[in-house]
Amino acid sequence: MRRLARAAAALLLLAACRVETTVAVDADADGSGRVQVEVALDREAARRVPDLAGQLRVDDLRAAGWEVERPQRADGGGLTVRLAKPYRTPAEAVEAIEELSGSNGPFRDFRLRRDRSFLRTTTAISGTVDLRGGLEAFGDEALREQLGGSLLGFDPAELEGQLGTPLSRVFAFRVVARLPGDVSSNAPSTADGDAVWRPLLGERVVLTAKAERWNVRNIAAATVSVAAAVGLGVVLVRRRSEPSR
């Protein structure tokens, strides 16, 4: 699995009313976490693919360690497809994102960093989402070889003409960073403390987010140790100050 389009190729070929793709990085304080992808089709899009589960080809995703759910019905009659890949280290998270995008895909130069001191843990993520190539940014060279012509196997301009609306209104994208601690970022919006970016087709967006968290267990242990040491010191002083018998 080299590109995100290979996971959702059947979806992109649809003349759908709206398809929203969310890529989320969930990071835990210990450096592990999950990279998750959700593709949500509205009611009209779902109506056009009554056998979506049978059309999706996800064997390569599972072979690469991705967990793939069957399409689920959503409120309003839509459909949602979810896949996720757990990671043990920040380096593995970056590898998972690279699997989605490939070397020439829209997700570029992503970095996830975790720095831990005795008192605090800092988790930071950065990267670029480049959609200036339009839907072709999600194309796959292997798909072009199989179908010929466009990287997607269809002409985006022709699809836009059939829909009668800009593709940016049909295909929406979100990138979400869920980091442990108090988050600061350049994201234009947040949801439940998460940083949320909504890059549009034709745009290039640079993402940066950082979260800091107190290491409560270390602080508690240090507090107990200091309290014990102070208590022992008080006892010793009292014993020395008592008159000998």
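Attention in this report is confined to the structure presented alongside it. (Residues numbered from 1 in each chain as written. Predicted model: local features only at pLDDT ≥ 70, side-chain atom pairs only at ≥ 80, totals over all residues. Heavy atoms only, no water.)

Some words on helix H6 (residues 90–101)
Keep this limit in mind: Every helix listed is a DSSP run of H or I at least four residues long, and every strand listed is a run of E at least two residues long, numbered separately from the N terminus. One less than the number of residues in a helix, times 1.5 Å, gives the span that helix is expected to have. The rule is simple: take the accessible area with a 1.4 Å probe, protein chains only, and divide by the maximum for that residue type; under 20% is buried, over 50% is exposed, in between is partly exposed. Here the arc refers to the directions that run from the helix axis out to each C-beta atom.
Over its 12 residues, H6 extends 17 Å from the first C-alpha to the last, a length consistent with the 16 Å expected when each residue adds 1.5 Å. For H6, the full list of buried residues reads Pro 90, Ala 93, Val 94, Ala 96, Ile 97, Leu 100 and Ser 101. The buried residues of H6 occupy one face: seen down the axis, they fall within an arc of 155°. Trailing H6 by a residue or two, Gly 102 shows a phi angle of about 80°, which is positive.

So, the sheet that holds strand E9 (residues 182–185)
Short version of the rule: Paired strands are those between which DSSP finds at least two bridges. Axis definition: a line fitted to C-alpha atoms, over the contacting stretch in the case of helices. Angles run 0 to 180 degrees between N-to-C directions.
Across the sheet, which stays open at both edges, the 4 strands sit in the order E6-E7-E12-E9 with antiparallel pairing between neighbours. Because the sheet does not close on itself, it has two edges, and the strands there are strand E6 (107–116) and E9. Ignoring which end each strand starts from, the neighbouring axes of this sheet average 10° apart. Across 8 bridges, the pairing between E6 and strand E7 (residues 120–130) is antiparallel.

Worth remembering: the numbers are spatial, not functional.
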